[in-house]
Amino acid sequence: MSTDKKVRVRFAPSPTGGLHLGGVRTVLYNYLFAKKYGGDFVVRIEDTDQTRFVPGAEEYIFECLKWCGLYPDESVVNGGEYRPYRQSERKERYKLYVEELVAEGHAYYAFDTPEQLEEMRNKNRTDENPSPQYDYKVRMQMRNSLTLSGEEVHRLIRSNTPYVIRIKMPQNETVSFTDMIRGEVSFDTSLVDDKVLLKADGMPTYHLAVVVDDHEMKISHAFRGEEWLPSAPVHVLLWKYLFGLDAMPQWAHFPLILGPSGKLSKRDGAKYGFPVFAMNWTDPKTGELTEGFKEKGFLPEAFINLLALLGWNDGTEQEIYSLSELVEKFSMDRVHSAGAKFDYEKAKWFNHEWIKKLNTGYLLPKVKVVLAAKNIEVDDDAKLSTVIDLVKDRCTLLTDFDEQAAYFFKEPKIMELHAIQPKWNETKTAFFKEWASVLFSKDFADPHQMEEQFKELAASMQLKPGEVMMPFRIMLVGGKFGPHVFDIAHLLGKGETVKRINEVLKMLEPA
RNA sequence: GCCGCGUUGGUCAAGGGGUUAAGACGCAUCCCUUUCACGGAUGAAUCACGGGUUCGAUUCCCGUACGCGGUACCA
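The rules behind each value
Residues numbered from 1 in each chain as written. Chains lettered and ligands numbered in written order. Predicted model: local features only at pLDDT ≥ 70, side-chain atom pairs only at ≥ 80, totals over all residues. Heavy atoms only, no water. Axes fitted to C-alpha atoms, helices over the stretch in contact; angles between N-to-C directions. Helix = DSSP H or I, 4+ residues; strand = E, 2+ residues; numbered from the N terminus. Parallel < 35°, antiparallel > 145°, perpendicular 65-115°, else oblique. Left-handed = near helix turned anticlockwise from the far one by under 90°. Contact = heavy atoms within 4.5 Å. Pairing = 2+ DSSP bridges. Core = buried A, V, L, I, M, F, W, Y, C linked by side-chain atoms within 4.5 Å. Buried < 20%, exposed > 50% of the residue type's maximum accessible area, 1.4 Å probe, protein only. Near = heavy atom within 4 Å. Polar contact = N/O pair within 3.5 Å; in protein donor to acceptor, adjacent residues only side chain to side chain. Nonpolar A, V, L, I, M, F, W, Y, C, P; charged D, E, K, R; others polar.

**Student:** I'd like a rundown of the packing of helix 6 (residues 206-216) against helix 7 (residues 232-242), residues and numbers included.
**Tutor:** Orientation of helix 6 relative to helix 7, taken along the N-to-C sense of each, is 50°, at an axis distance of 10 Å. Of the possible angle classes, the one that applies to helix 6 and helix 7 is oblique. Crossing hand, helix 6 versus helix 7: right-handed. Where helix 6 approaches helix 7, its residues Tyr206, His207, Leu208, Val210, Val211, Asp214 and His215 are matched on the opposing element by Val234, His235, Leu238, Trp239 and Leu242.

In structure tokens, the structure reads:
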């Protein structure tokens, strides 16, 4: 296996829908590995199944990568030496290689119709063997170039009879390879079926395409999810037949990301109320919208961070990493081999940490977007900055800035009068009338001075500060939350503060 | 069914023949705070099971159980 080649890795998505958490983590680990070793990160579009083409899915994938800050070095959008990077545009190349396999006896033509395949499966299906394979046991009973005469095969091909090309799996051989995460993995070839390599429409299957393209694109390390492990022997054999095992990339199969019950799915997201896709995805056929991490209020920094730690850690207690730190610290031998269950609570914690960590100027435009979505247009950036500093500790998701910051710009939407009404009395009314006029006539240099004055006034009316502090908060904020009430009042300015006091006073008047 | 990969608290996980088996999330209690958070402290909670090997297994080996993945002209 090659170890001295330039590091080149690829992420090879199939553009059939939203980009899943696990997909992004695969991108991330590829990216981290490539960057750590000064290599290239290639994105190749695996669109060999034309029946599953979904308009917009390819563009969507690149938007997600952009949001995550994981830029490819080569891809359909930014080109590269090994283009085209879309397999549908590489169709002719695969045929050459597969013909070579046939010529060498490693593959064969198969003319079986779907009905015939179904018949074979029905015939062989038993309780013991619920999924009969097209393998060495049955291939000599099927309609293929192994059982038909050469003449007949030529006749069928000339008459445009649909056919596929299948790999001829050897019998009783052990195929093994070293997985960077799992160590040596081996398979008995007798138990692997004769996988289709070239489909009837002339397109390659994944098995052929991945090997041919990894070779042509000089991929040095091939990383993918664990779901691919069972078909690895097919790929290893193809490498052996076509390009030699010495040229084969090093493999690593990443552990799966699990949901609350088994493999994480789009359904889990809907069911348990957390995103599964990186960004919002609308199925063009059904119009169904699946929420993404971005729109849910996640920062890309947090998203990357939490994904990195889902299956990898550097052995220290550190949990918060920037992308560049990840590039520096990442190593494949510290990637787990066991699947990891996705924990949304922990995911939110990561986002909270990043909101607290990131500077206000960086957060500002993102907060603006959140507020604008709630029809709050902010033109005073200085004020927004102050607000962000005041409330960021209280925001887990970016969308929390709506509740936490909106009342600085608009009167509270909901007014929790019930929190103060029961204990309301005339003394308090008198206090706030007086307090409003004090505020109106004086200018406080800072929140602290205002607080002193507030307490003085309360004392002079035989009120404990605590008795009027919460009412004051409710008047300004609408609820029992937020930063220090005098910080809020000071930032709101006396005009707005007095206005809100008076409005609530009016609401509290006995009818 | 068969094949493959796994199995340390509820979750993410460190550790790897002898440890009081780290840490984080979440949860609980307390402190701070006349709100809510932040922060700080404390606590409950873990080596799937059975055999070996060994003076000694959570750690190594073998089984079993369980989980997940695969078993398509899908990737």
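Continuing now.
**Student:** Summarise the sheet that holds strand 10 (residues 257-259); cite the residues concerned and give the values.
**Tutor:** Spatially, the three strands line up as an open sheet ordered 11-10-14, and their pairing is mixed. Looking at the sheet topology across the chains shown, the edges are occupied by strand 11 (262-263) and strand 14 (340-341). Examined bridge by bridge, strand 10 and strand 14 share two bridges and lie parallel to one another. Across the sheet, residue Ile257 finds its bridge partner in strand 14, namely Ala340.

**Student:** Can you lay out the nonpolar core for me, pointing to particular residues and giving the numbers?
**Tutor:** Counting 115 residues, the largest nonpolar core has Phe342, Phe432, Trp435 and Phe472 as the members making the most contacts within it. Excluding anything up to four places from it in sequence, Trp435 contacts Met450, Gln453, Phe454, Leu457, Phe472, Phe486 and Ile501. Counting 39 residues, the second-largest nonpolar core is a separate cluster that includes Tyr97, Tyr109, Phe111 and Leu156.

**Student:** Kindly report on the environment of Glu59, identifying the contributing residues and their values.
**Tutor:** Summarising the element assignment, Glu59 is placed in helix 2 (residues 57-68). Among the residues examined, Glu59 registers a relative accessible area of 48% and is labelled partly exposed. Distance from Glu59 to Ser460, taken between C-alpha atoms, is 67 Å for residues 401 residues apart in sequence.

**Student:** Help me get a handle on the environment of Thr497, residues and values and all.
**Tutor:** With respect to the helices and strands, the residue Thr497 is situated in helix 20 (residues 494-508). Linking Thr497 and Ala436, residues 61 residues apart in sequence, is a C-alpha distance of 8.1 Å.

**Student:** Report on the protein's contact with RNA strand B, specifying residues and quantitative values.
**Tutor:** With respect to spatial proximity, 64 residues lie near RNA strand B, and among them Glu128, Arg182, Glu319, Arg394 and Pro465 are the closest. Each atom of RNA strand B within 4 Å of the protein belongs either to a base or to sugar and phosphate, the latter forming 69%. Contact distances for RNA strand B include 2.7 Å between a sugar or linking oxygen and a backbone N or O atom of Asp393. Taken together, the elements giving at least two residues each to the surface near RNA strand B come down to helix 4 (114-124), strand 4 (164-167), strand 6 (183-188), strand 11, strand 14, helix 12 (344-357) and helix 18 (465-477). Partitioned by chemical class, the residues of the surface near RNA strand B number 24 nonpolar, 15 polar and 25 charged.

**Student:** Please give an account of unusual backbone geometry that cites residues and values.
**Tutor:** With an omega of 0°, the peptide bond running from Arg83 to Pro84 counts as cis. Despite not being glycine, Lys218 has its phi angle at roughly 55°, a positive value. Summarising the element assignment, Lys218 is placed in the loop between helix 6 and strand 8 (221-225). Positioned with a positive phi, Gln462 is a non-glycine residue whose angle comes to about 60°. Assignment of secondary structure puts Gln462 in the loop between helix 17 (447-460) and helix 18.

**Student:** Kindly report on the sheet that holds strand 7 (residues 196-198), identifying the contributing residues and their values.
**Tutor:** With respect to topology, three strands assemble into an open sheet ordered 3-4-7, the strand pairing being antiparallel. With one partner strand each, in any of the chains shown, strand 3 (107-110) and strand 7 form the two edges of the open sheet. Shown here is a sheet whose adjacent strand axes are inclined to one another by a mean of 45°, direction ignored. When strand 4 meets strand 7, the two strands line up antiparallel, connected through two bridges. Counterpart to Arg166 in the pairing with strand 7 is Val196.

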